[in-house]
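The lines below spell out each chain.
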Amino acid sequence: MTTLAILTAAGSGTRLGRALPKALVELGGSPLVLHAARRLAASGAVDRIVVTAPPGLAAAVSDVVTADAHVTCPVRVVDGGATRQASVAAGLALAAPEDDVVLVHDAARPLASPELVRRVVAAVRAGHPAVVPGLPVTDTIKRVSPALASRAPAARPAPPGLVVERVVDTPDRALLRAVQTPQGFDRALLERAHAAGAARAAVEDLAATDDAGLVEALGEPVHVVAGEESAMKITTEPDLALARLLLEERP
Ligand code: C5P
């Protein structure tokens, strides 16, 4: 009974606007992927890590992660795919026979704590085969339908760049959770979910943005445990600035 963590780091990070792929961008002097790998290892709940690397950068990612004294569990690096879903599938193919629990974690969430990793693994090992960390949402969320927007006759031509979307409904905020990683799975269930959703993996618009979504598509239950603010996702420069503040507070 061992736990594999797949650490997805193969994205380009175009919205961050750096020359480097996002996982290699530094936060407090270390690349994001290294922060994430250190915290996975520090949890004591992960036996091995497979990192998915951007095209042509497997050796560079390997140098960063495997040489670090804080990453105390074995690490393998594999080329990622065209989508996150494809990257996870590539990592999952390297699971060892004894891995019965698989975590999937994004290098884009470098400060997810060892406590959070342990909480997710504990919930899976307690009998919940698919577990995601989630936080209550503070904004009111609207569901929109861009397709309906064009039906309204415009009084005058819209200024260039103005996008208008039609609101469809307002889900009850108390029932919404903003979902994070690491997400944890019974290994056989995750493999079944990826096999069933494999046709979606190659196309960005169809591919699953998280692994729990693939499990839900099977009709299998997914459970939520408490997430944390520090597991925030880095997408833009302001996210990186906030992560710097969080890291200063809790090195
Ligand atoms: O692009 P986004 O930030 O949503 O990606 C989430 C995570 O998935 C990141 O850690 C990114 O490196 C990873 N990813 C990947 N392979 C891709 C695209 C994204 O491993 N093809």
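Residues numbered from 1 in each chain as written. Predicted model: local features only at pLDDT ≥ 70, side-chain atom pairs only at ≥ 80, totals over all residues. Heavy atoms only, no water.

K.L.:
For this particular structure, what's the right way to read the pattern of salt bridges?
P.N.:
Where charged atoms from two side chains of opposite charge come close, those side chains can pair. Taken as a whole and judged by the stated rule, the model has 12 salt bridges. As a salt-bridge pair, R48 and E98 come within 3.3 Å of each other at their nearest N and O atoms. Taken together, the residues R48 in strand β4 (residues 48-53) and E98 in the loop between α3 (84-92) and β6 (99-106) connect sequence positions 50 residues apart. (Salt bridge = Lys/Arg side-chain N within 4 Å of Asp/Glu carboxyl O. Helix = DSSP H or I, 4+ residues; strand = E, 2+ residues; numbered from the N terminus.)

K.L.:
I tried to follow the packing of α3 against helix α6 (residues 187-196) on my own but got confused; where do I start?
P.N.:
For any two helices packed against each other, one specifies the crossing angle of their axes together with the interaxial distance. Following both chains from N to C, one finds α3 and α6 inclined at 135 degrees, their axes separated by 11 Å at the closest point. In terms of orientation, α3 lies oblique with respect to α6. Note that α3 runs across α6; the crossing there is left-handed. Judged by residue contacts, Q85, V88, A89 and L92 of α3 engage L190, E191 and H194 from α6. A per-class count over the contact of α3 with α6 returns 4 nonpolar, 2 polar and 1 charged. (Axes fitted to C-alpha atoms, helices over the stretch in contact; angles between N-to-C directions. Parallel < 35°, antiparallel > 145°, perpendicular 65-115°, else oblique. Left-handed = near helix turned anticlockwise from the far one by under 90°. Contact = heavy atoms within 4.5 Å. Nonpolar A, V, L, I, M, F, W, Y, C, P; charged D, E, K, R; others polar.)

K.L.:
Hey, could you run me through the packing of helix α1 (residues 32-42) against helix α4 (residues 114-125) in this one?
P.N.:
Contact pair α1 / α4: the axes reach a minimum separation of 8 Å and the direction vectors enclose 55 degrees. Considered as vectors, α1 and α4 are oriented oblique to each other. The two elements α1 and α4 cross, and the hand of that crossing is right-handed. Judged by residue contacts, R39, L40 and A42 of α1 engage P114, V117 and R118 from α4. Counted by class, the contact of α1 with α4 contains 4 nonpolar, no polar and 2 charged residues.

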